[in-house]
Structure formats: C-alpha cells, structure tokens
Protein chains: 2
Amino acid sequence: MRPGGAPGGLALVGLGPGAPEHRTRAAEEAVRSAAVVVGYGRYLDQCADLTGPHQELVVGRMGEEEERAAVAVRRAAAGDRVALVSTGDIGVYGMAALALRWVAELPAGRRPAVRVVPGVTAAAAGAALLGAPLARDFACLTLSDLLAPWTLVEDRLRALAGSGIALALYNPRSAGRPWQLDRARDVLLEHRAPATPVGLVTNAGRAGETVQVTALADLATGTVGMNTVVIVGASTTVVVGGWLVTDRGLVEAAP
Amino acid sequence: MRPGGAPGGLALVGLGPGAPEHRTRAAEEAVRSAAVVVGYGRYLDQCADLTGPHQELVVGRMGEEEERAAVAVRRAAAGDRVALVSTGDIGVYGMAALALRWVAELPAGRRPAVRVVPGVTAAAAGAALLGAPLARDFACLTLSDLLAPWTLVEDRLRALAGSGIALALYNPRSAGRPWQLDRARDVLLEHRAPATPVGLVTNAGRAGETVQVTALADLATGTVGMNTVVIVGASTTVVVGGWLVTDRGLVEAAP
C-alpha cells in the first residue's frame, strides 16, 4: 500500500460498445476514481473523457492480454486503485477471466478487492440497431480460432445452428482469419433456411457505424471485419418494417 | 402530433439489472426526455428517480405485455414522445420485439421513429457477480414454457448442453412453474459433468441480492425464483478464488 494513497482495489470495467452514452454510471465512476487505468490503447481512448492528468494510464498492446491483466493485478495488489478497461462487457470475450486468474494465484492475504462492472456487449448493441433479433434464446459464439482449434469452433457452431436459436458471431473475420465466416455460413446453411435473416453491424455506437440486413444464403463476407458483429436470426426471426424481430414463443414463422 | 407538443418518437429502453448505477446514460436520457413513460409497475419504480410530475406514467400489469406495447406504440404514433421501459436489456426477453411488431403493423407513413436503447441483461449482471463465467461462448435460454411447449425448450437445452458452452437460464422457476429447473438439471447432467460449476444470482443489483455457487449435481432448486438467473459453467469453467472463471480457449479443464 502506498503511504497515504487511496485504498487499493481492482475494477474490471466494461465500457460498452463505444459511444459514451452506452456506458453505465458504475463504469464511469470506476474509471474516474481509479489512480491507475490499464487498457488497450483504443479502449483508453474510449474513456478519455473520464481520465485526467492525475491518473496513470498504462497502455497495452493487442495480443498482450495476459501481460496487461497481470500488470493491473500487480498494481492493485501493491495498493493502487486500478481500473482495467475493455470495450463491451469485460466479462464477455473480455479481460475479466484473465485478471481473475492472476488474482487467484496470489496468496489469499495479498489479493486485492475485485469488482467486475458489467457493460453492454456487442451482441446487445448490434441487436438494438437491428431491432430485436435476440428477443428469445440466443448464443454468443466467437469465430476466432487463435485460442482453439477450428474443429472445436465448428462443432459448437453446428450444435447451435441445429438448435434454431439466434446467434451473435464475435470476431467473425480479420485479415489473418479471412475464411472462417464463409465456412461458418456454409455450416449454418446445412441446418438453417437460406432465407434466415442476418444482420451485420459494424462499429456499433462508434464513428463509421453501419447496419446491413441480408439473408443467410446471400451473406457476403468481404466487408466484414474485426469491428463487426454478425447476428444470425433464430428459426422464428422475421424481417418486419425493416427490423429483425424474434418472437417470444417458439412457433416457427411461416416460410 | 399534439399541437405544440414535443416531437413524437418511441424509445424502447433497457434499464439494466436494478441499481441506477448499472443504467446507461442513453437509457436515463430516454426516460427523462419522454412525455409518456410506459412500463410494468416494478420497472417504473426502477426509474422513479428519472421521472417527475410533468410526465404521464402508464402502469402495466404482468401478463399484459401485448397491450402495454400497443399502448406505447399508439401514443407514439399519435405524436407523443414515449419511453417503454423494461428491466435488463429490453431486446432480451423484453418488450422490444412486441413493440416493433405493433409499429410494423402501422401504415409506413404513420410509424413513429423508434430507437432501441440496449441495457445490461441479467446474464451479464449475474456473471459479473460470479466472476467471469461467460468469458467465452455462452447461450441465454428461458425455461419458461408459457409461450412454447416444454418439449421445444428441452430440445434446445439438450443441444446447448451438448455443445459445452456456458448457459444463462432465465425464468428458471416460479410458483406456477415449479418443476422445470429440476428437469433442466437432469437433462444437463446427461451431457455435462456432475461437478460443472453453477452460479445462482438472485436480485442482482437490487435489494436482497444473493450469490451462490454450487455444482450441477448438487443444484437445489427450492430457493430459486423469478428474480434468479442460473448460470451453468462451460466445460472449461473452473472455480478459482471463489469465482467462476471460463478460459478464453476451448481446452477442457482437468477433471
């Protein structure tokens, strides 16, 4: 503990999809009250209006998530009041799991107090722009095979496609992973109707926001990138008034 | 349009799990700026600090969701600025789909402008209190069979259980549906290890908040109610330091 410093503690903070208006008050307060704010550069930019010169900013690099989480935990264990920030919900494909793992490795007496501050995840932000495609059951699935073999990702996709629920696909495509979304579409088409509505939301709540509605069979993946969430309708999802809407019941829509 | 009234429009607003600190600014602004706020009584209570005597509150009753959504749409179409509020995320088991259906039934020229304001859903709020159980793929599934035959709910549960992803079970149990969660546990045990970590979060972010961690085989359902979200760990979820944590990869935890 720093002499005279603020009481330590670690806040794991989800900043929401991008625009300040989609942050929660708890997230804002956790960032404002931290002595040390740790995050990937773009996420620190996302909360730049909440930080000031009295705070220490620790800028992480993409791909160094383990190290970033470790720094945040180490600083909190040393008595600093730390906020580790992620876009969206830090508990969903975010850094919360990594940080909690590091905390649990400390002896019980040296663990900082930890609070996870949830946020609006990309699936929810994207769904809101499309209408209400996630109004009944849905799953979030990442198409990234950086931390798992593609066969396991595809097994999950197949099981979920067969269940008929809506899907929010995270990390659908990047320069280094150009073919996974095409493959996912083909797997989905084995189980789901070609006309299944699909929504593509890029940069939800950020500059450059785009929203596109198409059918599963027509899903062209070329414009999809790391900032896109792909929402595949449930077997009961219809397009009405330009929106994707999923019924609360499970009776399938007429074909 | 009312003469001299504010421009009409319909905001479909998710208020988050309960505590004001988990509301977004967009949600707060949408409620504050509405002339008419429509919602189930408890949800209007949840945003009572945002409303005032200059606003008209339309209090709905549980079970009359269709009518409540219709009232909100009708008032917005007549030129009022309306906010329809739900707890959590209005797009997830909320009222957004119902309202959009009603809007789409209006002639195109009579449709009010609609905005869906996402919020922190119960799965995210519950997960944050448990640690990071939803850190990789997960599904939200309702156990309510009020709007669907139980056989369809069980089919989905079975497909999801087999996929090994984490599950957030909504509407797990009520006085009128006392056995569904017991049955769900038994179905899950056909596919998942008895030691699979399970978290029960009741009244997340509200008075009477409780958090409980158990194993799937030990899941006692007696204390579970309408305000509980049940989070079933993924095949890779472990309990460390008291938290439920799911790895970012798909390599299964050692048994």
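Reading guide: rules and limits
- Throughout this description, residue numbers start from 1 for each chain and increase along the sequence as written.
- Lettering of chains starts at A and numbering of ligands starts at 1, both following the order in which they are written.
- Whole-chain, interface and lining totals are the exception, using all residues; otherwise, since this is a predicted model, local features are given only for residues with pLDDT of at least 70 and side-chain atom pairs are given and counted only at 80 or more.
- The side-chain quantities take in all heavy atoms of the structure and omit both hydrogens and water.
- A fitted line through C-alpha atoms represents every axis, and for helices the fit uses only the stretch in contact; the resulting angles, taken between N-to-C directions, go from 0 to 180 degrees.
- In this text, helices come from DSSP runs of H or I with a minimum length of four residues, and strands from runs of E with a minimum of two, each type numbered from the N-terminal end.
- Helix crossings are classified by the rotation of the near helix relative to the far one: an anticlockwise turn of less than a right angle makes the crossing left-handed, while a clockwise turn makes it right-handed.
- Residues count as neighbours in contact if any of their non-hydrogen atoms are within 4.5 Å of one another.
- Note on residue categories: nonpolar means Ala, Val, Leu, Ile, Met, Phe, Trp, Tyr, Cys or Pro, charged means Asp, Glu, Lys or Arg, and polar means any other residue, Gly included.
- The distinction between a cavity and a pocket rests on a 1 Å grid over the protein atoms alone: a 1.4 Å probe fits inside a cavity but cannot get out, while a pocket stays open yet meets protein on both sides within 12 Å along at least five of seven lines, and a residue with an atom within 4 Å of a point counts as lining.
- Grid points are joined across faces, edges and corners, and a volume is the space filled by probe spheres set on the points.
- For the least-squares superposition of copies, only C-alpha atoms count, and only for residues with pLDDT at least 70 in both.
- Only protein chains enter the accessibility calculation, which uses a 1.4 Å probe; a residue whose area is less than 20% of its type maximum is buried, one above 50% is exposed, and one in between is partly exposed.
- Each residue gets a pLDDT score, which is the predictor's confidence in that residue and runs from 0 to 100.
- At least two DSSP bridges between two strands are required for those strands to pair.
- The term salt bridge refers to a side-chain nitrogen of Lys or Arg lying within 4 Å of a carboxyl oxygen of Asp or Glu.
- The term buried area denotes the loss of accessible surface (1.4 Å probe radius) that occurs when two parts are joined, taken as the sum for both partners.
- Whenever two N or O atoms come within 3.5 Å, that pair is a polar contact, provided that in protein one can donate a hydrogen and the other can accept it, and provided that, for residues adjacent in sequence, both atoms are side-chain atoms.
- Charged-residue counts in this description rest on Lys and Arg as positive and Asp and Glu as negative, His and the chain ends being excluded.

### Some words on the packing of helix α6 (residues 150-163) of chain A against helix α7 (residues 180-191) of chain A
For any two helices packed against each other, one specifies the inter-axial angle together with the distance between the axes. Residue and element names in this part refer to chain A. Axis separation between α6 and α7 bottoms out at 9 Å; the angle between their running directions is 35°. Relative to α7, α6 is oriented so that their crossing is right-handed. Contacts from Trp 150, Glu 154, Leu 157, Arg 158, Ala 161 and Gly 162 in α6 reach Gln 180, Arg 183, Ala 184, Val 187, Leu 188, Glu 190 and His 191 in α7. A breakdown of the residues in the contact of α6 with α7 according to their chemical character gives six nonpolar, three polar and four charged.

### Details of empty space enclosed by the protein
With the rule as written, the count across this model stands at three cavities of 30 Å³ or more. The volume enclosed by the largest cavity comes to roughly 130 Å³. Along its surface, the largest cavity is lined by 19 residues, and A:Thr121, A:Phe138, B:Thr121, B:Ala124 and B:Phe138 are the ones closest to its centre. Contributing elements (two or more residues each) for the lining of the largest cavity: α5 (122-130) and β7 (138-142) of chain A together with α5 (122-130) and β7 (138-142) of chain B. For the lining of the largest cavity, the class distribution of residues is 14 nonpolar, four polar and one charged.

### Looking at the relation of the copies chain B and chain A
Two copies of a chain can be linked by a rotation about an axis combined with a shift along that same axis. Once chain B has been moved 0.0 Å along the axis and rotated by 180°, it coincides with chain A to within an RMSD of 0.0 Å. As the rotation angle and translation indicate, the two copies are arranged about a two-fold axis. Comparing interface residues between copies, 100% of those in chain B also sit at the interface in chain A, which points to an isologous, same-surface contact.

### Let's talk about α5(B)
All names here are of chain B. In terms of burial, α5 is a largely internal element, seven of the nine residues being buried. Those residues of α5 lying buried are Ala 123, Ala 124, Ala 125, Gly 126, Ala 127, Ala 128 and Leu 130. A positive phi of about 130° marks Gly 131, the residue just after α5.

### Brief notes about the confidence of the model for chain A
Residue and element names in this part refer to chain A. Confidence in the prediction of chain A, expressed as mean pLDDT, is 93, and 95% of residues score 70 or more. A low-confidence stretch, residues 1-6 stays under pLDDT 50, and its non-local contacts, those more than four residues away or across chains, total ten contacts. The ipTM for the predicted assembly is 0.95, set against a pTM of 0.95.

### Some remarks on the sheet that holds strand β6 (residues 131-132) of chain B
The sheet built from three strands is open, its strands ordered β6-β13-β12 (chain B) with mixed pairing. Since the sheet does not close on itself, it has two edges, and those belong to β6 and β12 (237-240) of chain B, each with one partner. Looking at chain direction, β6(B) and strand β13 (residues 243-246) of chain B are connected through two bridges and run parallel. Paired with B:Ala132 across the bridge in β13(B) is B:Val245. Each of β6, β12 and β13 of chain B is contacted by helix α4 (residues 96-105) of chain A, which is oriented at about 125° to β13(B), the strand it contacts most.

### Description of the pattern of salt bridges
Going through the model one piece at a time under the given rule, you end up with 34 salt bridges over all chains. For A:Arg25, the salt bridge goes to B:Glu28, with nearest N and O atoms at 2.6 Å. Within this pair, whereas A:Arg25 is found in helix α1 (residues 25-32), its partner B:Glu28 is found in helix α1 (residues 25-32), the two belonging to separate chains. The partly exposed category is assigned to A:Arg25, whose relative accessible area is 31%. Between A:Glu64 and A:Arg61 there is a salt bridge, with its nearest N and O atoms 3.5 Å apart. For A:Glu64, a relative accessible area of 34% gives the class partly exposed. Overall, A:Arg61 belongs to the exposed group, its relative accessible area being 59%. Beyond isolated ion pairs, a larger network of salt bridges with shared partners links A:Arg23, A:Glu28, A:Asp49 and B:Arg25.

### Thoughts on the interface of chain B and chain A
With 65 residues of chain B at the interface, the matching set in chain A holds 65 residues. Between chain B and chain A the total buried area reaches about 5,700 Å² when both faces are included, carbon and sulfur atoms providing 61% of it. On the chain B side of the interface with chain A, the three residues burying the most area are B:Arg25, B:Arg156 and B:Arg248, jointly 14% of the side's total. On inspection of chain B and its partner chain A, the count reaches eight salt bridges. With its nearest N and O atoms 2.7 Å apart, the salt bridge here joins B:Glu21 to A:Arg115. Across the contact surface, chain B and chain A share 30 residue pairs in polar contact (both at pLDDT 80 or more). Element by element, the count of residues in the side of chain B that touches chain A is highest for helix α4 (residues 96-105) of chain B, at seven residues. Residue composition of the side of chain B that touches chain A, by class: 36 nonpolar, 14 polar and 15 charged.

### Concerning α4(A)
Across the ten residues of α4(A), seven count as buried, placing the element largely inside the fold. For α4(A), the set of buried residues is A:Ala96, A:Ala97, A:Leu98, A:Ala99, A:Leu100, A:Val103 and A:Ala104.

### Brief notes about the side chain of A:Arg173
Residues and elements named next belong to chain A. Of note, Arg 173 is situated in the loop between β8 (166-170) and α7. Here Arg 173 is buried and forms no salt bridge, its nearest opposite-charge partner Asp 182 lying at an N-O distance of 5.0 Å. Here Thr 221 takes part through its backbone oxygen, which lies 3.4 Å from a polar atom of the side chain of Arg 173. Within polar-contact distance, the side chain of Arg 173 engages the backbone oxygen of Val 224 at 3.2 Å. Beyond its immediate stretch of four places on either side in the chain, Arg 173 contacts Pro 178, Thr 221, Gly 222, Val 224, Gly 225 and Met 226.

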